[in-house]
Structures are given as C-alpha cells and as structure tokens.
Amino acid sequence: MGDLPVRLPVPSCLSDASWLATYFTKAAPFSFLLGDWLTQFFPLPGVAAVVTVLLLVLAWAGFRFLLDAMPTVRHAALWALLPTALLAFLILSPEVPLAVLVGTCLFVWLFAWAFRIPGRLLRYVVVVLLAVLLVPSARSFNSTARMEKPSREREYDYRIHFKADAGRWDTVEKMGRRNPYESLVTAYYYNLSQARAGRLPDGLLKAYQPTWHGLFIPVKPGVEDFKLMASTDALYLAGDYAQAQHSAMLGMTFSPRQRSAAMIRQLADIAFANGDYDTARRYLTMLSKTALYRKWALEGLQLLDTEADRLTVKNDCRDILVQHNDYRTALANIAATASDAKTATDYLLCLDLLDKDLAHFRQDYDALYKGRYDAVGVPVLYQEALLMTFDENTSPAAQLTEYGIVRATLDNCAEFLKGNEKPFRTSYWFYHKYAQPAQ
Amino acid sequence: MKRWLTYSVWILILAACARDGAFREAGTPPMLPDYTDITLPVNIAPLNFELEGADALRLEIEGSRPYRFKAGGAQLRFPMKKWKEMLREEAGNTLQLTLTARFGREYRRYAPFTWTISPDSIDRYLSYRLIEPAYEVWNVLSIEERDLESFKTRLLADNTTVESTCINCHTANRGEGIQTSFMHVRGAKGGTLYSRDGQMRKLNTATDSTAGAAVYGEISADGRYGIFTTADIRPILHSGRFDKLEVFDASSDLILLDFEQGTVTDSPLVKGPAFQETFPCWSADGKTVYFCRAAAHPQPDSTFDMHYDLYSVAFDPATGRLGDTLTLVVDAASRGKSISFPKCSPDGRYILMTVADYGTFPIWHSETDLWLYEIASGALFPLEAVNGKYSDSYHCWSSSGRWICWASKRDDRLYGKPYFAHVGADGTVSKPFVLPQRDPGRYLVTLKSYNIPELYRFPESYDAAYVSRFYTEMEAEKMSYTK
C-alpha cells in the first residue's frame, strides 16, 4: 500500500461552533466532519495508513456483525471481506474523501444494530427509518467523490509533495532525480529543492524537465486542486508573492469545502512576507483553532504582538500590474527591483532557457545577472547557453573573458559540436537540440 | 449522604473564595465586534459580542430603567425577547453600558460606553453575496437574504445550482413604490433576473447595437427603467505588497433599459471609445442620471492614470430619453482621485460615493473611502467617522435615507463585512457597527467575504431553488434596441 492513501489536508476548527455548523448545512455531516478531522493528520508519517486500515477493519467488523444477524448467512467473516475489499479499492482513489469510509462504518454498524433489535415490528420500523434517513446521505457522496483509477504517478506526486511539506528536501531531490513517471509535479518539486539550495541552474538538467512546466504550475480552469495548491511554493520561493497569493487563494477556493488549512498557512506566510500583518493575524487566528497548525499559529500571533515592528518585509519590489501566469514579466520586475532577487533571477533565466528563448536569456542575463551575481563564477548551464548567444562579429576571446566562460566549458562545446554528444546529455546544448515541448 | 454534604460545603466555600478575586478598572472593552459608542436602529437584531478569554460577562445597562445581562463564558448572546423589549422601550434614548468580565479570579470593570437607540428603523432585509476573495474566479458563491430583525437568513441564489456560473449585483429600487429588483446570472442559460411584485422575468439585455449585456446599474424608483453599464471587465494582479488585484474596463458605455417596453437604448453622449462611462445611478426624483466618466486610455498600461469624475445627464421619465448635455458634477481627476459607485440618498440631498487614488474598481484598493457629496452646496468630504483602515465600498442607502450600509475590509484588508451607520437629519454620520451575528465569533472563522450589501424593505418573493428552476427552464426574453 506504500504511502497510500494520501489526501489533501483540510482543517477542522474544533473550538468553533460557527465553523462546525457549516457541516450541518450539507448531507452526511458527521461523516464529513470526522473524515475531515482525521484527514488533517494524514501528512504526518504513518497516520494515513494506520487510520485507513483501522477504519477498514471497523468496516469489516461491521459487515460481519450485520451478516451475522441474518440467519441464512454462513461464514459471515469471509463474506464481509467482499464489501470491505470494494471499499478498500474505492478509498485508494485520492479523490474519494475519507468521509466515505467513515460514513460506511457508521451506516453498517447502525444497520447491524438495527437488525438485532428484538421484536419484528420495531426492527422493521427502525430499519426503514434508518434507510430513509441515511440513504440520501449516502447518495450525497456521489456528488463529492469522483472516483478515479489509482495512479502510481499520482501516488508518487503526493509523496514528494508531503516530503517537501515536511521539509525533507534531500528525499525530494532524490525522488525528483528519479522521476520514474516523468511527472510534471515531481519535476516541479525537484526544481524547488534545487532553488531552495541556491543551485537551480546547477541541478536543472540533471533531472527530467518537461520544458518550463517544471518550474511553475500555471493556474487555470480545470487544473487539479492538488496542482493548484502545489503551484504556490515556487512562486513564494521566487518572491512572486502576488501570484503566490493568487494561487493559494484559488487553491483554497477549489479545495474540499473551500477550507484547506495548508493554503491558509500559505496565505499567512505570504501576508508576513508582504508585511501585511492584519491579514496575517486573520489567518493565524483561524489556524489557532485547528489541531495541526495550532502551535505554529499561536507562535505567529505572539510574534505579531511583540515583534511586529522588527519583522522583515520580504516583498519590496516595484508595484506593477501583471497578468496571472505571466511569469516572465513578474520575475523580471522582481529581479530588477527587489533587494533579495537571486532566486527570482535564477528562475527567470532558467525559464528562458527551458523555453529555448535564448534572446530573452541573453537580455535578462546582461540586465539582471551580469555584474550582480557572477563574481563567484557563472553556473555551467549559463555558460553553455551564453556560448550559444555570442556575437560572431566580436572577438571570441573578449566575450569569453567578459562572461567568465571557463576553459572546460569551451572544450566541452567543441566536443559536442564534433558530434560526441553522449557525455553531454545534461548540457544545455543537448537540451536545446533535443527537448520537445511537454505533452 | 454525609460525604455528599461535606463535598457540597467545600464546593460552596471554594466558589465563595473565587468570588473574592482581584477587581480592577479597565479601559474601553475590547469587545468583538466593537459595539461601543454606536447608534443602532430600533429594529436591529441583538448585538451579540465576545470578549476573548473571559470566563463570565455581566452587562449593566442604564436607560429609562436598568437592564442586566449575564453570560457564563466569553460570548454574550442577548435573549431575543428581552432585547426587542429593551429597544422598543428605549427608542430615542441613549443608554449607558458597563461591562464587567471575569478572567479566572480577576474581575475587570470596563469604562462605560453608550448605545443610542435611534427611532429611525432600518429596512428589514439585507442581501449580500458570499464569496471567497479569490480574485476573478469563483467556485462556490451565493446570495443570501438576511432578516435584520433576527438572525434568519435564506438563500436567494446559489451558483452550485446554476451550473457554477457567476451571480451578482442583487439590487432593489429605492422609494415607496412596488419593490423591484434585479440580479444577474451569467452562463449559457443566464440573464438579468428582474423581479417585480412577485413576478420574475429573465431578460437578455445584450443587443447587436450595444457593447454587451447589462452589468452595474440601478432600477428607477417606479421600477420601469434601469440604467446600466456595459463593460468589458478585466482583472489583473498587483505585484506590490498590499493591493492584490486591479480590475479595469477595457471599454464601458451606458445603456438604458425600459422593462415595460422590453427595449434598450443609449445616447451618443454616454457611449463610444473616447470615454469610459460606468456606475450609473438615479437621482431621488428619477430625473437625473449620475455616473462616473474618464477619458479612455489603453489599459493596463495606463490604469494608474485612470481617474473617473462624476457626471450627470438629464432623464425624462415620460419619454424615456436621456438629455443632450453632460454636466461635470465632481472633478475628481484634478484632485488626483477617482470616483466609483455613486448612490443618491432617497431624500435627494446627498450622493454617497467611493473615492480611490485611481481606477474604476476600488474594492481592492486599501485607500478607498466613502465620501459624501452635498448636492445643494457642492460640498464634498470624506466620511471620517465611518471610514476604516482599508477599503470601504459597495454602499447603499436605506429607503428612509437614515441608514447607510457598505462592505468594509477594515479589519484584515481582505474580507468584506457589512457595516451600518446612521445619517442624521443634519448629515452627521454615526460610528459604524458590523452586522450582528448569532455567533459573534463568526467573522473570525469564515473564509467568505460579504460582498455588495443591499438594503430593502420586503423579503424577496423567490429563493435559490426558484432561481435554479428559472435558470434551467426559462428562456430569456430578448430585449430590442431602439434609438
């Protein structure tokens, strides 16, 4: 079963009546409430597997108990395995909420109890009553549960997402390098691991790259809510807090019941980065009522109460208007006007390169990187790309010196041009020659 | 029995000791929401409030007679019957309130504050749109109707029942005539839902001769005419720290709808590419249309330079024609400001509007404030008493003109809440208060923004289920263009 089932966490504000009351406006409130409450702990190691197995055992016991109540059924324990197996298959799909499993347990145990009521009339009345009450609730699961075939790729994506969420970036890097399903999300998290370590250009082509789609996940109608939520991380790291907030807000809007605690936490982080402390306080207050983020939120609130004046505002770029998903314009603005813009600059240059847009790369490199970040050496990726942009009418030696191209890169280029490409599969020249647009 | 008695005695002794806790005077109570020193309508629902961390609350009210309310926790929820009696008996009076709270063994008595019970009742119903402040995308949104005399709400529209399309702008006419309202439902089967006297129509307001369907607008007091914008609305993000979203019109014109004749008309004065016209509203007598107007510039490149002034044009209700001259009412551009959402008071004396630094859609601008324009004197001034730290916008008048309601993001910059303030006969405006909720902590946990609050006198004759059926089953009436 591996790390399955993994699900996007949703919060339950245990201490707030208004919040809980919203569950009672829809069908199957207890199932969804308990299901959501349990799901919020799924990112913690082992919790998902333990909770799911326990619920399946409970469901099996319920089915057995129910079948035992029927005098004609023999080997009830074995027969009970059938619906339990079906349930297990159903719950493997990440799109099926845990509430389905919780609801089934409640449903089965209530019926099992009803079938054991002494007195035929009373028994029939209770069974019919339960059917009238519970069947509409069961039907409501249809509208929330989109059953999908279990996908190993999705499983891998979810695992890397939760490793990243837990801060296990070494594992993320290793999983990203493997990327066995050539997944966009895995490539995205791999790039994130590299960017966090300040080596995005160094590691970029050492793993699968679905062209520039591995750098940012575009936010648009029809994007799965999981990808929508993941899209925030790279934007935040690059310092594009406007688009990060946009993504986080949409991630929350399209999450189950529009209340993803992970997204609220992202929004609080973004508010801190913007120095927008009233907004941060709003989100922290909400998170302080959740079980998973309570401690973090209370620390944040204390910080706001005692040290708000001394907090660092990360977002100091010029205010311009930018279309969402227009990463070039946003990154160029951050790279040009923000005080801490190394990551944004690397993302911009890598975006140009993965998009095979050498003209923009050279323009951005000259304007934003050269003279600011190249004192300690130029990443090999940039050197390789720069060689492709050199002016044929200008002295090669002068350009090599000006752009800090080392001898080894020049030799490798000569070798590649001779047709000996195999040793340079991770070079930009190889990428530029063979990479095809991602499907 | 003996043991039980011993325990009981000890419990009583401990309880008595607890009552002897430290007692101290404190300043203004940090109650949530802030209901200190406000004017409230005689028919408003109980102003339940919360004092964070308190273990018990006691509120003593001095009016024509004393009232006392107690709560065994951090929230004080007034009993409905006693609350209504108090407001009825104290109409026109100013009450002195003293709040005492117990925190563990410590008692705090806060500085007294006042409630002035205005005999001017407020329109009983308020509609608002509940939506995540999620920029240009909606997932789940609804329009609710709230009975302001209680906590009852009901759904007027729910986009999950109309193919998840956008629903907006529930707006009612002003005045004493038959209540008439409209609401736009977008999507393939959508249209403008026009409701009058219990009858609903679905109208297709787009014609080949106008720029598009009706967007922002108002219905005349008699319900016959509607003045609307047709706008090509586009959202775009800010990259800076505080403003999140800019919404601009690539183009916008005005159109006039005659609901009786089923026609759409316009005027060369309020259409064309040279200027952008938007947010029209009727004067109290229905003989003037006020609207915002700016010279058109290419956007988004020039969005920061877009400044909308307030203009007016005459309207003849007998012929249904707009006049042939425009009048500049407020020159906002010369002040480096931009006007949106003008709304005329029912007594014809004032125009309430939002003023921002630039642009046409100020709800995301932190600097957006409510300003009042006195028509007779031409005086224009910000409503200092009501404007909050962040955006105050989407306002409306009550039918009596004695109350205003608007969406304020004063607490957290992001989530709008309906606030009310009293407007005196002399134009003075009281300190605002937020829409009371049964659970006063509700605003702290909701992820929905209260958007476009609208006051009206009678409950709408339809609900979300009716709108859903109407959306699905009813063909929209096509309105025709007439010159």
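Predicted, not measured: the structure shown is a model, and the values here were computed from it.

Quick notes on the overall build of chain A
1) Next: The helix and strand inventory of chain A stands at 23 helices and 1 strand.
2) Next: Within chain A, contacts between residues at least 6 apart in sequence are counted, and of these 62% link residues at least 24 apart.

Points about the overall build of chain B
1) Next: Secondary structure summary: chain B contains 4 helices and 35 strands in total.
2) Next: Taking 2.2 N^0.38 as the reference for a compact globule, 483 residues should give roughly 23 Å; the C-alpha atoms of chain B span a radius of gyration of 25 Å, in line with that estimate.
3) Next: The dimensions of chain B, computed from C-alpha atoms along their principal axes, are 95 × 50 × 45 Å.
4) Next: Expressed as a percentage of its 483 residues, the buried residues of chain B come to 49%.

Topic: the sheet that holds strand S16 (residues 199–204) of chain B
Residues and elements named next belong to chain B.
1) Next: In space, the 5 strands of this open sheet follow the order S13-S14-S15-S16-S34, with mixed pairing throughout. Of all strands in the sheet, those bounded by a partner on one side alone are strand S13 (167–172) and strand S34 (477–478).
2) Next: When S16 meets S34, the two strands line up parallel, connected through 2 bridges. Counterpart to Asn 204 in the pairing with S34 is Lys 478.

Observations regarding the sheet that holds strand S27 (residues 369–374) of chain B
Strand pairing in a sheet is mediated by backbone hydrogen bonds. Such pairs are either parallel or antiparallel.
Residues and elements named next belong to chain B.
1) Next: Within the open sheet, the 4 strands sit side by side as S25-S26-S27-S28. Their pairing is antiparallel. In the strand order of this sheet, the two ends are held by strand S25 (338–344) and strand S28 (379–382), each with one partner. For this sheet, the mean inter-axis angle between neighbouring strands, taken without regard to orientation, is 25°.
2) Next: Across 6 bridges, strand S26 (residues 350–356) lies against S27 in antiparallel orientation. Across the sheet, residue Thr 354 finds its bridge partner in S27, namely Leu 370.

Considerations on helix H10 (residues 184–196) of chain A
1) Next: For H10 of chain A, with 13 residues, the first-to-last C-alpha span of 18 Å sits near the 18 Å given by 1.5 Å per residue.
2) Next: Against the buried residues of H10 of chain A lie helix H8 (152–165), helix H9 (169–178), helix H11 (200–203), helix H12 (225–238) and helix H18 (342–354) of chain A.

Overview of the domain arrangement of chain B
Residue and element names in this part refer to chain B.
1) Next: Splitting chain B by domain gives domain 1 (22–118) and domain 2 (125–477).
2) Next: Each of domain 1 and domain 2 has a C-alpha centre, and the two are 34 Å apart.
3) Next: Listed per partner, the contact involves 19 residues of domain 1 and 15 residues of domain 2.
4) Next: Elements that contribute at least two residues to the side of domain 1 that touches domain 2 include exactly strand S2 (38–41) and strand S3 (49–50).
5) Next: No other element matches the 4 residues that S2 contributes to the side of domain 1 that touches domain 2.
6) Next: Tallied by class, residues from the side of domain 1 that touches domain 2 come to 11 nonpolar, 5 polar and 3 charged.

Here's the deal with the packing of H12 of chain A against helix H14 (residues 261–274) of chain A
Helix-helix packing is characterised by the crossing angle of the two axes and by the distance between the axes.
Residues and elements named next belong to chain A.
1) Next: Where H12 contacts H14, the two axes come as close as 10 Å, and the packing angle between them is 20°. Classified by the interaxial angle, the pair formed by H12 and H14 is roughly parallel. The way H12 lies across H14 gives a crossing that is left-handed. Facing Met 229, Thr 232 and Tyr 236 of H12, the residues of H14 in contact are Ala 262, Met 263, Gln 266, Asp 269 and Ile 270.
2) Next: Classifying every residue of the contact of H12 with H14 gives 5 nonpolar, 2 polar and 1 charged.

Quick look at the interface of chain B and chain A
1) Next: Between chain B and chain A, the contact holds 28 residues from the first and 36 residues from the second.
2) Next: Elements supplying a minimum of two residues to the side of chain B that touches chain A: strand S18 (225–238) and helix H3 (442–445) of chain B.
3) Next: Class assignment for the residues of the side of chain B that touches chain A results in 13 nonpolar, 6 polar and 9 charged.
4) Next: Alignment of strand S1 (residues 321–322) of chain A against S18 of chain B, held across 2 bridges, turns out to be antiparallel. From the neighbouring strand, Val 322 of chain A faces S18 of chain B, where its bridge partner is Leu 237 of chain B.

Some words on helix H13 (residues 241–253) of chain A
1) Next: Here H13 of chain A is 13 residues long and its end C-alpha atoms lie 18 Å apart, about the 18 Å a rise of 1.5 Å per residue gives.
2) Next: Across the 13 residues of H13 of chain A, 13 count as buried, placing the element largely inside the fold.

Some remarks on unusual backbone geometry
Residue and element names in this part refer to chain B.
1) Next: Backbone torsion omega between Leu 32 and Pro 33 reads -10°, so that peptide bond is classified as cis.
2) Next: Position of Pro 33 among the secondary structure elements: in the loop between strand S1 (23–25) and S2.
3) Next: A cis amide bond links Gln 299 to the next residue, Pro 300, at an omega of 15°.
4) Next: Secondary-structure assignment places Pro 300 in the loop between strand S22 (288–295) and strand S23 (309–316).
5) Next: Of note, Asp 37 is a non-glycine position whose phi angle comes to about 55°, a positive value.
6) Next: The phi dihedral of Cys 169 is positive, around 65°, even though this residue is not glycine.

Points about the domain arrangement of chain A
1) Next: Considered domain by domain, chain A is made up of domain 1 (17–144), domain 2 (152–310) and domain 3 (344–434).
2) Next: Inter-centroid distance (C-alpha atoms) of domain 1 of chain A to domain 3 of chain A is 60 Å.

Digging into the pairing of strand S7 (residues 94–103) of chain B
Residue and element names in this part refer to chain B.
1) Next: Alignment of strand S4 (residues 56–62) against S7, held across 7 bridges, turns out to be antiparallel. When the sheet's bridge partners are listed, Arg 58 is paired in S7 with Thr 100.
2) Next: Hairpin connection between S7 and strand S8 (residues 106–109): a loop of 2 residues separates the two successive antiparallel strands, and Gly 104 in this loop has a positive phi of roughly 65°.

Some words on the nonpolar core
1) Next: Grouped together as the largest cluster of nonpolar side chains are 217 residues, with contacts concentrated most on Leu 331 and Tyr 347 of chain A together with Val 467 of chain B.
2) Next: Looking at which element gives the most residues to this core, the answer is H14 of chain A, with 10 residues.
3) Next: Aside from chain neighbours lying at most four places away, what touches Tyr 347 of chain A is Ala 195, Leu 200, Leu 215, Ala 238 and Leu 331 of chain A.

Section: the packing of helix H3 (residues 47–68) of chain A against helix H6 (residues 98–115) of chain A
Residue and element names in this part refer to chain A.
1) Next: Running from N to C, H3 and H6 point in directions that differ by 25°, and their axes come no closer than 8 Å. Judged by the inter-axis angle, H3 sits roughly parallel to H6. H3 and H6 meet at a crossing whose hand is left-handed. Here H3 contributes Leu 55, Leu 58, Ala 59, Gly 62, Phe 63, Phe 65 and Leu 66 to the contact with H6, which in turn contributes Leu 101, Val 102, Thr 104, Cys 105, Val 108, Trp 109, Phe 111, Ala 112 and Phe 115.
2) Next: Of the residues assigned to the contact of H3 with H6, the class counts are 14 nonpolar, 2 polar and no charged.

Topic: the pairing of S18 of chain B
Residue and element names in this part refer to chain B.
1) Next: The pairing of strand S17 (residues 217–219) with S18 spans 3 bridges and is antiparallel. Paired with Ile 219 across the two strands is Gly 226, which belongs to S18.
2) Next: As consecutive antiparallel partners, S17 and S18 are separated by 5 residues, and within that stretch Gly 223 has a phi angle of approximately 85°, a positive value.
3) Next: The pairing of S18 with strand S19 (residues 245–258) spans 12 bridges and is classified as antiparallel. Bridge pairing in S19 links Tyr 225 to Asp 258.

Some details on the environment of Tyr 450 of chain B
Residues and elements named next belong to chain B.
1) Next: Residue placement: Tyr 450 occurs in strand S33 (residues 449–456).
2) Next: Overall, the presence of 25 C-beta atoms within 10 Å leaves Tyr 450 in the buried class.
3) Next: Residue contacts for Tyr 450: discarding those within four places in its chain leaves Tyr 128, Leu 130, Ala 407, Gly 416, Lys 417 and Pro 418.

As for the environment of Glu 163 of chain B
Residue and element names in this part refer to chain B.
1) Next: Note on placement: Glu 163 falls in the loop between strand S12 (153–158) and S13.
2) Next: Judged by C-beta crowding, with 15 C-beta atoms within 10 Å, Glu 163 ranks as partly exposed.
3) Next: On a C-alpha basis, the gap between Glu 163 and Pro 66 in space is 54 Å, while along the polypeptide they are 97 residues apart.

Reading the values: the criteria
Residues numbered from 1 in each chain as written. Chains lettered and ligands numbered in written order. Predicted model: local features only at pLDDT ≥ 70, side-chain atom pairs only at ≥ 80, totals over all residues. Helix = DSSP H or I, 4+ residues; strand = E, 2+ residues; numbered from the N terminus. Contact = placed C-beta atoms within 7 Å. Rg over C-alpha atoms; globule rule 2.2 N^0.38 Å. Buried ≥ 20, exposed ≤ 12 C-beta atoms within 10 Å, placed from the backbone. Pairing = 2+ DSSP bridges. Axes fitted to C-alpha atoms, helices over the stretch in contact; angles between N-to-C directions. Expected span 1.5 Å × (residues − 1). Domains from an automatic or database assignment. Nonpolar A, V, L, I, M, F, W, Y, C, P; charged D, E, K, R; others polar. Parallel < 35°, antiparallel > 145°, perpendicular 65-115°, else oblique. Left-handed = near helix turned anticlockwise from the far one by under 90°. Core = buried A, V, L, I, M, F, W, Y, C linked by C-beta atoms within 7 Å.

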